[in-house]
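Residue strings, one per chain:
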Amino acid sequence: MSLSRRTILLSGLAAGAAGAVVAGGALPASAAPAPSRTRALSYPFTLGVASGDPDHEGFVLWTRLAPQPLAEDGLGGMPDRTVPVFWELAADERFRHVVRRGVVDAHAASAHSVHVELAGLLPGREYFYRFRVQRHLSPVGRTRTAPAPWSLPATLAMAFASCSQYEHGYFTAYRQLAETEPEIVLHLGDYQYEYARDTYTAPGGNLRDHEGPETRTLANYRQRHAQYKTDPDLQAAHAVAPWAVVFDDLLAQQVFFAQRDRDSGPLTVTSMDAWDGYLASRDRITRGWLAAGVRNPVVLTGDVHAHWASDLKLDYADPTSRTVGSELVCSSITSGGDGADSATGSHPWLAWNPHPRFHNNLRGYVRTTITREQLTADFAVLPYVSSPGAPARTRARFVIEDRVPGLHLTRDEPPAATRAAGPDADAGQRTVESETRRP
Ligand SMILES: [Fe+2]
């Protein structure tokens, strides 16, 4: 696969800086707080640090000062004043070779969260970063720039995930994903759920409660984000970036792309909430790939709450229609609860839908390895999320060869006791259905 053709398009990175960053040097005297106004803060880095939105010369560094992260007002237990935050970026973990440093103001109006946007760094490099407030030093974060747009890396490890419902289980899949050390993580939906407690219930009941009301305000959001960060398995993981990225061969989004007909008979019954509800738009994208000569169209999908893998067809109504690409759908981190394993191909819809090749209703994520010759997709699953610390394993592996549209199953590890797949697991998507007769 031609990585040189892949331009990273940033979907979440605005041009403007979120905060005034003073690059290089020490804190300017004018910004230094007068001693009389300085009050000692309790340890403020309870939410850790994060980085995301990489391009070939930079990324965003994030932290938020919150000595009491679950404070109901969403302000994290901080005083109502601006606090200077020092930051450092280094080429090494021990900060012997600091390449940038500066100070950014953390404002009460932003709940003392800061975004440091960096540019002018070297492509495809690992960097380390940390923050300091008063005498408090943050944990060290590790991040990296994207490869240069004109370069051709031998391999790229890219993972994607979606749907972490705090009430439904532990965030073990994030931890397992981080331990595989992907170079980039795409988050494809439901990074956080807005529901009030017990509004969205997992099969078998919820495991723990959402704090606070339904998320309607930024303060609600911040409180809930802080609560998610208390997950024991997430605390054990490295930071996971909440942004999505689109490559020009890879289309990352959060709605099922291939046709899924629920009806075994002559009707075509599909979800109007998926691309099946937007046939003309899907057709335009599909034909656009062919017209533009896109070499390896692969759609990456989240927010479906189950693993799926499908061949993409030029015309789903015609069984002889050519395969033009592939769709890889990741399961949820927790949404839907433990779920269950099932024999490959046992989902009932697969009997009359020839192009979906794989379905699995355990929780997990997808990890891909992209080389010049192929894309390898490992569908990782966890046996449970109802208690912390579950192991992860590769349930199935598909390979997509360069310039050869379609999926090849190269590894399949079904459960020892064969069982049929349960009912549709897509609890997160509305299933407004329409019935249309096949022509
Ligand atoms: Fe979801």
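Preceding block: the structure.
As a starting point, this report considers the structure included with it. (Residues numbered from 1 in each chain as written. Predicted model: local features only at pLDDT ≥ 70, side-chain atom pairs only at ≥ 80, totals over all residues. Heavy atoms only, no water.)

Let's shift gears to the side chain of Arg367. Its place among the elements puts Arg367 in strand 20 (residues 356-371). No salt bridge is formed by the buried Arg367, whose closest oppositely charged neighbour, Asp378, lies at an N-O distance of 6.0 Å. A polar atom in the side chain of Arg367 sits 2.8 Å from the backbone oxygen of Thr180. Not counting chain neighbours up to four residues away, the residues in contact with Arg367 comprise Ala157, Met158, Ala159, Thr180, Glu181, Pro182, Thr376, Ala377 and Asp378. (Helix = DSSP H or I, 4+ residues; strand = E, 2+ residues; numbered from the N terminus. Buried < 20%, exposed > 50% of the residue type's maximum accessible area, 1.4 Å probe, protein only. Lys, Arg positive; Asp, Glu negative; His and termini not counted. Salt bridge = Lys/Arg side-chain N within 4 Å of Asp/Glu carboxyl O. Polar contact = N/O pair within 3.5 Å; in protein donor to acceptor, adjacent residues only side chain to side chain. Contact = heavy atoms within 4.5 Å.)

With that settled, the discussion passes to the sheet that holds strand 4 (residues 58-64). Taken in spatial order, the three strands of this open sheet run 3-4-7, and their pairing is antiparallel. Either end of the sheet is taken by a strand with one partner, and the two such strands are strand 3 (49-55) and strand 7 (113-117). Averaged over neighbouring strand pairs, the angle between their axes works out to 15° when direction is ignored. Here strand 3 pairs with strand 4 via five bridges, running antiparallel. Paired with Val49 across the strands is Thr63, a residue of strand 4. (Pairing = 2+ DSSP bridges. Axes fitted to C-alpha atoms, helices over the stretch in contact; angles between N-to-C directions.)

What follows is about the coordination of the iron ion. Donor atoms from the polypeptide that coordinate the iron ion comprise Cys163 (SG), Asp190 (OD), Tyr193 (OH), Asp303 (OD) and His305 (NE2), at 2.0 to 2.5 Å from the metal. Read N to C, the donor residues that coordinate the iron ion are spaced as C-x26-D-x2-Y-x109-D-x1-H. Here the residue Tyr193 occupies a position in the loop between strand 12 (184-187) and helix 2 (218-228), and His305 occupies one in the loop between strand 16 (298-301) and strand 17 (307-313), the gap between them amounting to 112 residues. The same class applies to Tyr193 and to His305, which are both buried. (Donors = N, O, S within 2.8 Å, 3.2 Å for Na, K, Ca; no water.)

All chains considered together, the criterion is met by 17 aromatic pairs. Ring geometry for Tyr166 and Phe171: centres 6.1 Å apart, planes at 70°, overall edge-to-face. For the pair Tyr166 and Phe171, one class covers both residues: buried. A ring pair is formed by Phe256 and Trp308, whose centres lie 5.4 Å apart and whose planes are at 85°; its orientation type is edge-to-face. In this pair, Phe256 is assigned in the loop between strand 14 (250-253) and strand 15 (267-271) and Trp308 in strand 17, connecting sequence segments 52 residues apart. Members of the aromatic cluster, joined through ring pairs, are Tyr166, Phe171, Tyr174 and Tyr228. (Phe/Tyr/Trp six-rings, centres within 6.5 Å; stacked < 30°, edge-to-face > 60°.)

Oppositely charged side chains are able to pair whenever their charged atoms sit close together. Counted by the stated rule, this structure contains 20 salt bridges. In this structure, the salt-bridge partner of Arg175 is Glu179, at a minimum N-O distance of 3.6 Å. Of this pair, Arg175 and Glu179 both sit in helix 1 (residues 172-179), four residues apart, roughly one helical turn. We classify Arg175 as partly exposed; its relative accessible area is 28%. Take Glu179: its relative accessible area is 51%, and that puts it in the exposed class. Linking Asp231 and Arg208 is a salt bridge whose minimum nitrogen-to-oxygen distance equals 2.6 Å. Of this pair, Asp231 sits in the loop between helix 2 and helix 3 (232-235) while Arg208 sits in the loop between strand 12 and helix 2; the two residues are 23 residues apart in sequence, bridging distant segments of the chain. Ionic contacts of the salt-bridge type, sharing partners, join the residues Asp341, Arg393, Arg395, Arg411, Asp412 and Glu413 into one network.

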